[in-house]
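Read off the chains here:
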Amino acid sequence: MCGCERTPIVVQSNRRDHDDNQIHKQSARHRVHWRMCPNNRALRQPEFGTDALEHHCSEGFYAGACGYVGVEKDNGIVLMLPEYDLVVIGSGPAGQKAAIAAAKVRKNVAVIDRTPMIGGVSVHTGTIPSKTIREAIFQLTGRAVKAQYGNGHVAHGDISVRDVSVRVREIIERETDVVRAQLRRNGISIYQGLALFLDPHTLTVRDGEDGHQLKAKNILIACGTRPAHSPEIPFDDHRIVDTDHLHGLSGLPRETIVVGAGVVGLEYASFMAALGSRVTLVDQRPIILDFVDQEIVQALSYHLRQLGITFRLGEKVTRVGMDMQREFAFAELESGKKIQGDALVYAVGRQGNADHLHLEAAGLVADPRGRVKVNELFQTAVPHIYAAGDVIGFPALASTSMEQGRLAACHMFGIPFEHMPELFPYGIYTIPEISMVGQTEETLTSNKVPYEAGIARYSELAKSMMLGDHMGMLKLLFHRDTHKLLGVHALGQRATEIIHIGQAVLFYNGLVDYFRDMVFNYPTLAEAYKVAALNGLNRL
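Please set out the nonpolar core residue by residue, giving values where relevant.
Of all hydrophobic cores here, the largest spans 52 residues; its most connected members are Ile-89, Phe-197, Leu-220 and Ile-221. If one sorts the elements of this core by residue count, helix α1 (residues 93-104) sits on top with 7 residues. Among all residues touching Ile-221, those that are not within four sequence positions of it are Ile-89, Phe-197, Leu-357, Leu-359, Leu-364, Ile-385, Tyr-386, Ala-387, Ala-388 and Val-391. By size, the runner-up hydrophobic cluster in this structure holds 45 residues, among which are Phe-138, Val-241, Ala-273 and Tyr-426.

So, the side chain of Thr-256: which residues are in play, and what are the values?
In this fold, Thr-256 is placed in strand β15 (residues 255-259). One polar contact links Thr-256 to Ser-277, side chain to side chain, over a distance of 2.7 Å. Excluding residues within four positions of it along the chain, Thr-256 makes contact with Met-272, Ser-277, Arg-278, Val-279, Thr-280, Ala-343 and Val-345.

Outline the pairing of strand β18 (residues 317-323), supporting the account with residue identities and numerical values.
Note that β18 and strand β19 (residues 328-333) share 6 bridges and pair antiparallel. Looking at the pairing, Val-320 lines up with Ala-331 of β19. Taking the residues that link successive antiparallel strands as the turn, the β18-β19 hairpin has 4 residues, and the phi of Glu-327 there is positive, at about 60°.

Tell me what's going on with the sheet that holds β19, and back it up with residues and numbers.
Strand order in the open sheet formed by 3 strands is β18-β19-β20, with antiparallel pairing between adjacent strands. Of all the strands in the sheet, the pair left with one neighbour each is β18 and β20 (338-341). In this sheet, neighbouring strand axes are inclined to one another by 20° on average, regardless of whether the strands run parallel or antiparallel.

Procedures and definitions
- Residues numbered from 1 in each chain as written.
- Predicted model: local features only at pLDDT ≥ 70, side-chain atom pairs only at ≥ 80, totals over all residues.
- Heavy atoms only, no water.
- Core = buried A, V, L, I, M, F, W, Y, C linked by side-chain atoms within 4.5 Å.
- Buried < 20%, exposed > 50% of the residue type's maximum accessible area, 1.4 Å probe, protein only.
- Helix = DSSP H or I, 4+ residues; strand = E, 2+ residues; numbered from the N terminus.
- Contact = heavy atoms within 4.5 Å.
- Polar contact = N/O pair within 3.5 Å; in protein donor to acceptor, adjacent residues only side chain to side chain.
- Pairing = 2+ DSSP bridges.
- Axes fitted to C-alpha atoms, helices over the stretch in contact; angles between N-to-C directions.

This is the structure we're talking about:
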């Protein structure tokens, strides 16, 4: 016997004749990708068609398209549930990295995700599409060229949402293939369908009318989120849309209303404005991005206004609708204002998908926003069930989700790891983009830490002039007495790239003096670290 752990469920005695490795059985399922013998990794690759079983162990084990494993006994087949060391629900950044981390220590792992969603929300409707749109806007509109050579530069004509969508589809297809290849290369089984808990160790996977079951010693919930919907919003996926359905816009709206000034709302508001739409951004909160250094936020707000965005903060939306006679969308505010536009984008938060998993069968419950509560090790109230990624809430970034998934897998299998969430970087891909790592002026002031700030403005850097971006800045926060670096904040082109220089120094408890004393290539944006360090140290 190969040693695979199985749970017998039924004996099928009237086995039919078969040709070589093909055995037909009742209730066979189809369109499934199985590798059913975890301890025989080299043979765990076949994709099965309808009504097929693959004889892939010399000891008499059979892998079935129905999701069960058959063991030949007395001219019959004992059907057993496949059992894995880890089953991951969701193949986005958290699920993918957790699955691979477990597979690297030779654990048998399976990933469950809906058929069209390999790679998760990150690949299909979230991170990859939004960042691809941002880059496409820069390329198709010639924004960078205009900044360097003036408005006389001719861009690629009128740019529509559909033009940008072509590039998005190409990237999504490529990234989906990359994720699927990585999972298969690491010997990870892919189950395509909807996952539901039957009990704390058993899941059923449904694909249409088909269904199959599997058992798991450990489970990671990494099922991501979807746009939050209010029943009072008349979505039509054409004029009134959520952020997953921007492709439904028939063209670039001349005037756009964006409801919600969180990270996603700000990103898409800046994209639409950069394409030439007049944008009104509405949010009931009086300030935006309250977790970001407020000097950076103020600078971002200024540049977004320069793009043509009108802010309506501290305003609650009471009604959204369409004026069919005049063909425009509108939003009525609690203050009595009425905003009109050709389209309305609703970007008020995300809803976790955990509310679709039948969590009560596992002894768990999701909060009203479909999120799962975890401890610092990403364990839920049921110790062998973990959760990571957007489904556990803030910060809900692809980068942090990757690390959460990896750390969850490390903890469940005793793999050594370090967990430093205070040094997770944040990247917000507005135009201009912002990024941060470490503490803000507000947290340092609240904690009564004596600090000083050093600032380098892009207008002082030769490289930024070459890139056509004079409005960015880099800000370093450090302790006045010890000079220990405490926080790094950036605004402008490539902010999300250069932030990692500061992240490395923070990790090693470095001093701001490091930037003063090191030689940086010239001309580069990284040179901003030296300029900011000198600026801050000169204030002491």
